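Structural features, examined
Chain by chain, the residues run as shown.
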Amino acid sequence: MMRKALVTGGAGFIGSHLSKRLVDDGFKVTIIDNLYTGSRRNIAELEEKGDVKFIKLDVSEAKAEEFAKENFDEIYNLACPASPVHYQATPLKTALTSFYGVLFSLELARLTGAKLMHASTSEIYGDPLLHPQEEHQWGNVNTIGIRSCYDEGKRFAETLVSDYIRVYDIDARMIRIFNTYGPKMHPQDGRVVSNFIVEALEGRDITIYGDGSQTRSFQFVSDLVEAIRKYMRLDRAKVKEFFCKNNLPAPVLNIGNPSEYTVKELAAKTLEKLPESPSRLVFESLPGDDPKKRRPDITLAKALLGWEPKITLDEGLDKTIEYFRAKSNNKISID
Ligand code: NAD
Ligand code: UDP
């Protein structure tokens, strides 16, 4: 019988790539999304072929009992705005989405025995005190700043997953995703890679926040999706043993590309690839609590999954530029 997967946030950037991969892997996919930052265009092809079922629903209002009869084999909880611009525009909603979204997914896993993969984030490390970031670090996070709705929402979600595993013995796994980019990001997503590309393509100034010396490590989306699938396919006993041996009380893995760049280097690289662009670099004020540096230590992911990212920033930027160029030439319809 065909296996069934549920993807919350499946119409978003990562969710749509993951849903496509699940379909390719032979799953019947159901997507729950309220379309706050996602779009049905991201999954139009899958919907047309009848490979995914789309349900427009706010995950914080979803009832696990109502979905229990679907008997999903796997649940992927991705619903949550991820760009600072969008999660800060609706901060209360962001925190509640994190909380109720993961609670819904956990309850569904508890009721049905489905495996759960929860999308956590490098933001749980906050403005990191140690570099690079490895999974044993507890984070340096402001509880009352403008990023807190997201960071603390995601931190509490990790706590809930960990306690559901301890209390109900469910099969749940978590990934801390580091800055991921690629085709299907919304042109107005607001995150740095898409902003710089869209600004350069449109000939607008490239907006660097602060002096651009802050760093990020950029992962292309296909590498992330590969890691998610490898992790989910692992035998539960092996996962348990691995985290126990590594003194981590819950199964949480960093997934990212360790190649680190300053934001200014990213801007220069983007412009190098678009030499015809008249855009110049402009410097704007740095938003509150913007982490100064970020790079994943992926030793554990390498050991457990036999995985490491393959796509360099150069290759990934080329693919992403190609996507946005096609979109701006109307070869792909604009949302
Ligand atoms: P995205 O904004 O493109 O996708 C999020 C999706 O969730 C959208 O389709 C949105 O409409 C949906 N959504 C938001 N609130 C919802 C709600 N209340 N109910 C139902 N659906 C809702 O962002 P993304 O980059 O694809 O992020 C996906 C997940 O990965 C998020 O949980 C995010 O926190 C996590 N993540 C992403 C990154 C990254 O760099 N892209 C890094 C760390 C973590
Ligand atoms: N950033 C920038 N210009 C932009 C968008 C973002 O300089 O147009 C900076 C931002 O201040 C941060 C980095 O780029 O230092 C990454 O920002 P993004 O919003 O992509 O992700 P996050 O801060 O959540 O890692």
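Just so you know, these numbers come straight off a predicted model, no measurement behind them. (Residues numbered from 1 in each chain as written. Chains lettered and ligands numbered in written order. Predicted model: local features only at pLDDT ≥ 70, side-chain atom pairs only at ≥ 80, totals over all residues. Heavy atoms only, no water.)

Time to look at the environment of Asn257. Structurally, Asn257 can be placed in the loop between β11 (252-255) and β12 (260-262). Asn257 sits in the buried class, given a relative accessible area of 5%. Setting aside its immediate chain neighbours within four residues, Asn257 contacts Ser217, Phe218, Gln219, Pro296, Pro309 and Ile311. Among the polar contacts made by the side chain of Asn257, one reaches the main-chain amide nitrogen of Ser259 at a distance of 3.0 Å. Side-chain polar atoms of Asn257 contact the backbone oxygen of Ile311, separated by 3.3 Å. (Helix = DSSP H or I, 4+ residues; strand = E, 2+ residues; numbered from the N terminus. Buried < 20%, exposed > 50% of the residue type's maximum accessible area, 1.4 Å probe, protein only. Contact = heavy atoms within 4.5 Å. Polar contact = N/O pair within 3.5 Å; in protein donor to acceptor, adjacent residues only side chain to side chain.)

Attention shifts here to the environment of Arg229. Along the chain, Arg229 turns up in helix α8 (residues 221-233). The exposure class of Arg229 is buried, given its relative accessible area of 1%. Along the chain, Arg229 and Met117 lie 112 residues apart, while their C-alpha atoms are 9.7 Å from each other.

Moving on: the site of ligand 1. Taken together, 29 residues lie around ligand 1, and Asp33, Thr37, Tyr150, Lys154 and Thr180 are the ones closest in. A distance of 3.0 Å is found between an oxygen atom of ligand 1 and a backbone nitrogen or oxygen belonging to Gly38. When isolated, ligand 1 has an accessible area of 810 Å², and the protein chains bury 97% of it. Breaking the shell around ligand 1 down by element, the ones donating at least two residues are α1 (13-24), β5 (115-121) and α6 (148-168). For the shell around ligand 1, the class distribution of residues is 15 nonpolar, 10 polar and four charged. (Near = heavy atom within 4 Å. Areas by Shrake-Rupley, 256 points an atom, 1.4 Å probe, with all protein chains shown as cover. Nonpolar A, V, L, I, M, F, W, Y, C, P; charged D, E, K, R; others polar.)

Okay, the pattern of salt bridges next. Taken as a whole and assessed by the stated rule, the structure comprises 31 salt bridges. We note a salt bridge from Glu152 to Arg155, for which the minimum N-O separation is 3.7 Å. Note that Glu152 and Arg155 are positioned in helix α6 at a spacing of three residues, about one turn of the helix. The class of Glu152 is partly exposed, set by a relative accessible area of 24%. Note on Arg155: relative accessible area 25%, which makes it partly exposed. When the shortest N-O distance is used, the salt bridge between Asp189 and Arg191 registers 2.7 Å. Ionic contacts of the salt-bridge type, sharing partners, join the residues Arg21, Asp25, Glu74, Glu226, Arg229 and Arg233 into one network. (Salt bridge = Lys/Arg side-chain N within 4 Å of Asp/Glu carboxyl O.)

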